[in-house]
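Analysis of the macromolecular model
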Amino acid sequence: MKIGVLGSGAMGSGIAQVAATNGHNVVLVDTDEEAINNARGKLQKILARLVEKGRIDESTSELIFSRIEFTTTNKQFVGCGLIIEAIVERLDVKKIVFSELENIVGNECILATNTSSLSVASIAAACDKSERVIGLHFFNPAPLMPLVEVIPAVQTSESTVKLARDLIDSWGKVTVLTKDTPGFIVNRVARPFYGEALKIYEEGIADFATIDWAMTELGGFRMGPFTLMDFIGNDINYSVTESVFSAFYYDPRYRPSLTQKRYSEAGWHGRKTGRGYYNYSENAVKSEPSINKVVGQEIVDRIVVMLINEAVDALFLNIATTEDLDLAMTKGVNYPKGLLSWADEIGLNVVLKRLEALQDLYGDDRYRPSPLMKRMVISGTKFIN
Ligand SMILES: NC(=O)c1ccc[n+]([C@@H]2O[C@H](COP(=O)([O-])OP(=O)(O)OC[C@H]3O[C@@H](n4cnc5c(N)ncnc54)[C@H](O)[C@@H]3O)[C@@H](O)[C@H]2O)c1
């Protein structure tokens, strides 16, 4: 099957590489000539590095590269069986692009969006055959991150879901099925990793380095929240939080942090600007954590129960299955354990007690436990049997 990818930025070029590596001829389109040239150059470098490391041989590298056509015109999409859109995150632009695509491709072509935050239903509504539109949410960098969230819109047909999911599975990716709701699985369930860490800092309980130390050394996370936010970019991370918050009608669970807003406004976006929660300039003094295991464990417990509550509530609202919720967090953001399995391990009654204590202390609905958690504690059931 010929695959089309629209947008040759960070995501589009990675997705094109994945499809070509899996034997597909790929048409990679970007309206910006410089962007398409950059994508071509970047892919050549990536493939050369893979040859250097012995991951692929020279002829495979040439074959992968030869399968991709780099172009600025979407007319080349004729004959594609699937097009994955990875252009700018703007609903108005995506809608125009999707309705244009329908005039180019055949009736059987699936049209997918890699949107992180927009509703797939609203993009599908721009198409006459909206049943062929689906969300396929890859993670950055697409060739390395195994997870792909598969997001049917309310209009999407079952055959579209099956075809798309089977194809992406055949690329060796881990697919999870999720409802078309703000943040899908990962960007919804992960919010407290950032938000609760920021709140702990704002309350003066610990500084950035100490919270990061606790979450990595005691919590087992690969990166602490502040290191990760600096890596993602405070501007991007803040705007995802804000968009999830407004999309959930201002549910206090997703309330953004003023600290992050100010850092973002100051241009302290993280690594990419040389300054974020940490200073990345050459002569900067490294921030050291204040190591106190009792405080550290309290930090981990507070953030982890908030994360578990999100996962439980996503299950309660049928956003995804137990298995997919756990897979999404381990394969999409490298959590040390699936959150629902983690809840079983800690004991759901313990998680519930911690949340109730937080809700009691703060009087804030942000800490309200999911009804499913209460129900399961009463019935004594576990997530994984
Ligand atoms: N960057 C991430 O971590 C990430 C992760 C998952 C999903 N996404 C989503 O993927 C999409 C792309 O993100 P990105 O980070 O690759 O963006 P990017 O800015 O790196 O690249 C976007 C590319 O699209 C091109 N473009 C813009 N309008 C176009 C049009 N009408 N036709 C063709 N090309 C057009 C731009 O020239 C640019 O090269 C967004 O919807 C984003 O939300 C991003």
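Here is what the cut-offs are and how they apply
- Position labels on residues start from 1 in each chain and follow its written sequence.
- Local features in a predicted model are, by the rule used here, given only for residues with pLDDT of at least 70; side-chain atom pairs are given and counted only at 80 or more, and totals for whole chains, interfaces and linings are based on all residues.
- Each helix is a run of H or I in the DSSP string that is no shorter than four residues. Each strand is a run of E no shorter than two, and both are numbered from the N terminus.
- Throughout, the radius of gyration refers to the C-alpha atoms, and the reference size of a globule is 2.2 Å times the residue count to the power 0.38.
- Every C-beta atom is placed from the backbone, and the number of other C-beta atoms within 10 Å of a residue's own sets its class: buried at 20 or more, exposed at 12 or fewer, partly exposed in between.
- Residue pairs are scored as contacts if the distance between their C-beta atoms, which are placed from the backbone, is within 7 Å.
- The domain limits used here are those given by an automatic or database domain assignment.
- Each nonpolar core comprises buried Ala, Val, Leu, Ile, Met, Phe, Trp, Tyr and Cys residues, the members being joined through C-beta atoms within 7 Å.
- Here, nearness means that the C-beta atom of a residue, built from backbone geometry, sits within 6 Å of the molecule or strand in question.
- Any residue outside Ala, Val, Leu, Ile, Met, Phe, Trp, Tyr, Cys, Pro, Asp, Glu, Lys and Arg is labelled polar, Gly included; the first ten of those are nonpolar and the last four are charged.
- We treat two strands as partners when DSSP finds at least two bridges between them.
- To obtain an axis, a line is fitted to C-alpha atoms, over the contacting stretch when the element is a helix, and the angle between two such axes runs from 0 to 180 degrees between their N-to-C directions.
- Roughly parallel means an angle under 35 degrees; roughly antiparallel means over 145; roughly perpendicular covers 65 to 115; every other angle is labelled oblique.
- An expected span of 1.5 Å times one less than the residue number is assigned to each helix.
- Here is the rule for handedness: rotate from the far helix to the near one, and if that takes an anticlockwise turn smaller than a right angle the crossing is left-handed, while a clockwise turn gives right-handed.

1. So, the overall build of the protein
Helix and strand counts for the protein stand at 17 helices and 8 strands. The C-alpha radius of gyration of the protein comes to 22 Å, within 12% of the 21 Å expected for a compact globule of 385 residues. Each of the 385 residues in the protein was classed as buried or not, and the buried ones make up 46%. A sequence separation of at least 24 residues applies to 68% of the contacts in the protein between residues at least 6 apart.

2. Some points on the domain arrangement of the protein
Taken domain by domain, the protein consists of domain 1 (2–177) and domain 2 (185–385). Between domain 1 and domain 2, the residue contacts involve 10 residues of the former and 11 residues of the latter. Elements represented by at least two residues in the side of domain 1 that touches domain 2 include exactly strand 7 (147–152) and strand 8 (174–177). Looking at the side of domain 1 that touches domain 2 element by element, the count peaks at 3 residues for strand 8.

3. What to know about the nonpolar core
Core analysis: the biggest nonpolar cluster contains 107 residues, and Ile83 and Leu339 have the highest contact counts within it. Of all the elements, helix 13 (residues 293–316) adds the most residues to this core, at 11 residues. Counting the residues that make up this core, at least three belong to each of domain 1 (2–177) and domain 2 (185–385). Setting aside residues up to four positions removed in sequence, Leu339 forms contacts with Val189, Leu307, Ile308, Ala311, Leu325, Asp326 and Met329.

4. Some points on the environment of Ser117
With respect to the helices and strands, the residue Ser117 is situated in the loop between strand 5 (110–113) and helix 5 (120–124). The class of Ser117 is partly exposed, set by 17 C-beta atoms lying within 10 Å. Sequence-wise, Ser117 and Glu89 are 28 residues apart; in three dimensions their C-alpha atoms are separated by 7.9 Å. Those residues in contact with Ser117, other than ones at most four positions away along the chain, are Glu89, Val240 and Ser243.

5. A closer look at the site of the ligand
Taken together, 24 residues are adjacent to the ligand, and Gly7, Gly9, Met11, Ala35 and Asn140 come closest. Of all the secondary-structure elements, those providing two or more residues to the shell around the ligand are helix 1 (10–21) and helix 4 (91–102). No other element matches helix 1, which puts 3 residues into the shell around the ligand. Residue classes in the shell around the ligand are distributed as 12 nonpolar, 9 polar and 3 charged.

6. Quick word on the sheet that holds strand 4 (residues 80–85)
Here we have 8 strands laid out as an open sheet, ordered 3-2-1-4-5-6-7-8, and mixed in their pairing. Edge positions in the sheet fall to strand 3 (68–71) and strand 8, since each has one partner strand and no second. Averaged over all neighbouring strand pairs, the angle between strand axes comes to 25°, with direction disregarded. Sheet analysis places strand 2 (residues 26–29) next to strand 3, joined by 4 bridges and oriented parallel. Within strand 3, the position partnered with Val26 by the bridge is Ile68. Strand contacts of helix 1: strand 1 (2–6), strand 2, strand 3, strand 4 and strand 6 (133–138), with the helix running at about 170° to strand 2, the strand carrying the most contacts.

7. Digging into the packing of helix 14 (residues 322–332) against helix 15 (residues 339–346)
As a packed pair, helix 14 and helix 15 sit with axes 7 Å apart at the nearest point and diverge in direction by 100°. In terms of axis orientation, helix 14 runs roughly perpendicular to helix 15. Counted together, Thr322, Leu325, Asp326 and Met329 of helix 14 and Leu339, Leu340 and Ser341 of helix 15 form the full contact between these two elements. Looking at side-chain class alone, the contact of helix 14 with helix 15 contains 4 nonpolar, 2 polar and 1 charged residues.

8. Side note on helix 1
The terminal C-alpha atoms of helix 1 lie 17 Å apart, and with 12 residues this matches the ideal 16 Å at 1.5 Å per residue to within 8%. Within helix 1, 10 of the 12 residues are buried, which leaves it mostly tucked inside the rest of the structure. Just beyond helix 1, the residue with positive phi is Gly23, at close to 90°.

9. With respect to the packing of helix 11 (residues 234–247) against helix 12 (residues 258–265)
Between helix 11 and helix 12, the shortest axis-to-axis distance is 9 Å and the interhelical angle comes to 135°. As far as their axial angle goes, helix 12 and helix 11 are oblique. Between helix 11 and helix 12 lies a crossing whose hand is left-handed. For the pair helix 11 and helix 12, the contacting residues are Asn234, Asp235 and Tyr238 in the first and Gln260, Lys261, Tyr263 and Ser264 in the second. For the contact of helix 11 with helix 12, the residue count by class is 2 nonpolar, 3 polar and 2 charged.

10. Things to note about unusual backbone geometry
A negative phi holds for most residues other than glycine; trans holds for most peptide bonds. With an omega of 0°, the peptide bond between Asn140 and Pro141 qualifies as cis. In this structure, Pro141 sits in the loop between strand 6 and strand 7. The backbone phi angle of Phe184 is positive, close to 50°, even though this residue is not glycine. Within the element layout of this structure, Phe184 appears in the loop between strand 8 and helix 7 (186–189). At Asn318, a position not held by glycine, the phi torsion is positive, near 55°.

11. Considering the environment of Lys95
Mapping Lys95 onto the fold places it in helix 4. Residue classification places Lys95 among the partly exposed positions, given that 17 C-beta atoms sit within 10 Å. Separated by 30 residues in the primary sequence, Lys95 and Ala125 have C-alpha atoms spaced 8.0 Å apart. In contact with Lys95, not counting residues within four places along its chain, are Ile123 and Ala126.

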